[in-house]
Amino acid sequence: MVGVDYKLTVDGEIADQSRPGQPLEFIFGTGMLLPKFEAAIEGKEPGDKVSFTLEPKDGYGEFIAEAVVDLPKNIFMVDGKVAEDILFEGSQVPMSDAQGNRMMGVVKEVGDETVKMDFNHPMAGKTLNFEVEVVTVRDVTPEDLQGHCSCGSCGGDHDCGGECGHDDCGCGDHDGHCNCH
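Everything in this summary refers to the structure shown in the same document. (Residues numbered from 1 in each chain as written. Predicted model: local features only at pLDDT ≥ 70, side-chain atom pairs only at ≥ 80, totals over all residues. Heavy atoms only, no water.)

Focus on the pairing of strand β10 (residues 114-118)
- As judged from the five bridges shared by strand β5 (residues 68-72) and β10, these two strands associate in the antiparallel manner. The partner of V69 across the bridge, within β10, is M117.
- Strand direction decides the pairing type here: strand β9 (residues 102-110) and β10, joined by four bridges, are antiparallel. By the bridge assignment for β10, V107 is matched with M117. (Pairing = 2+ DSSP bridges. Helix = DSSP H or I, 4+ residues; strand = E, 2+ residues; numbered from the N terminus.)

This is the structure we're talking about:
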């Protein structure tokens, strides 16, 4: 179990950072974080600091134009009415494809008949600049394996049911991991 304080800078702006006194904790080597992030801190001990940059291919991939689609507005109907409360620019909407795969889409534009949705990861196509300090390194306990979110956004003890959903603690990309880092 590794705990880190971090700051993520994207396009010259702080995109994410750990909260004071609430390091990001994760089980090293389980795929919770980006592989190159873990590689950059591998072997580090508490107090060690490291800065590194991840290009899009080593982060969340390139931006895929085909992942921005126009969907019929009527698929957003709930109880016979369009769910206007979720249809606004920037809103994150959980959806599923025809195969039942869950994904998060971001509303880009709402038209009269269609809604433009972006299914790229919010950090797709971005160069990620990290400053990281290792705070703790310890053996994993049985409690660590219970699926609790330890992103720091929810105090580390919120049970997200292994999903780490954005609405619950603000850290997930809805694929079963706490992978915004």
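So that's the structure; there's more coming.
As for the pairing of strand β2 (residues 13-17)
- The sheet contact formed by strand β1 (residues 2-10) and β2 spans four bridges and is antiparallel. Looking across to β2, one finds that L8 is bridged to D16.
- Here β1 folds back onto β2, and the loop between the two strands holds two residues, one of which, D11, carries a positive phi near 55°.

Overview of the packing of aromatic side chains
- Summed over all chains, the structure comprises five aromatic pairs.
- Look at F26 and F28: their rings are 6.4 Å apart centre to centre, the planes differ by 35°, and that puts the pair in the tilted class.
- When its relative accessible area of 32% is taken as the criterion, F28 is described as partly exposed.
- When the centroid spacing of 5.0 Å and the interplanar angle of 85° are considered together, the rings of F37 and F130 count as edge-to-face. Placement of the pair is F37 in helix α1 (residues 35-41) and F130 in strand β11 (residues 128-137), with a sequence separation of 93 residues.
- With relative accessibility at 0%, the residue F37 sits in the buried group.
- The buried category is assigned to F130, whose relative accessible area is 1%. (Phe/Tyr/Trp six-rings, centres within 6.5 Å; stacked < 30°, edge-to-face > 60°. Buried < 20%, exposed > 50% of the residue type's maximum accessible area, 1.4 Å probe, protein only.)

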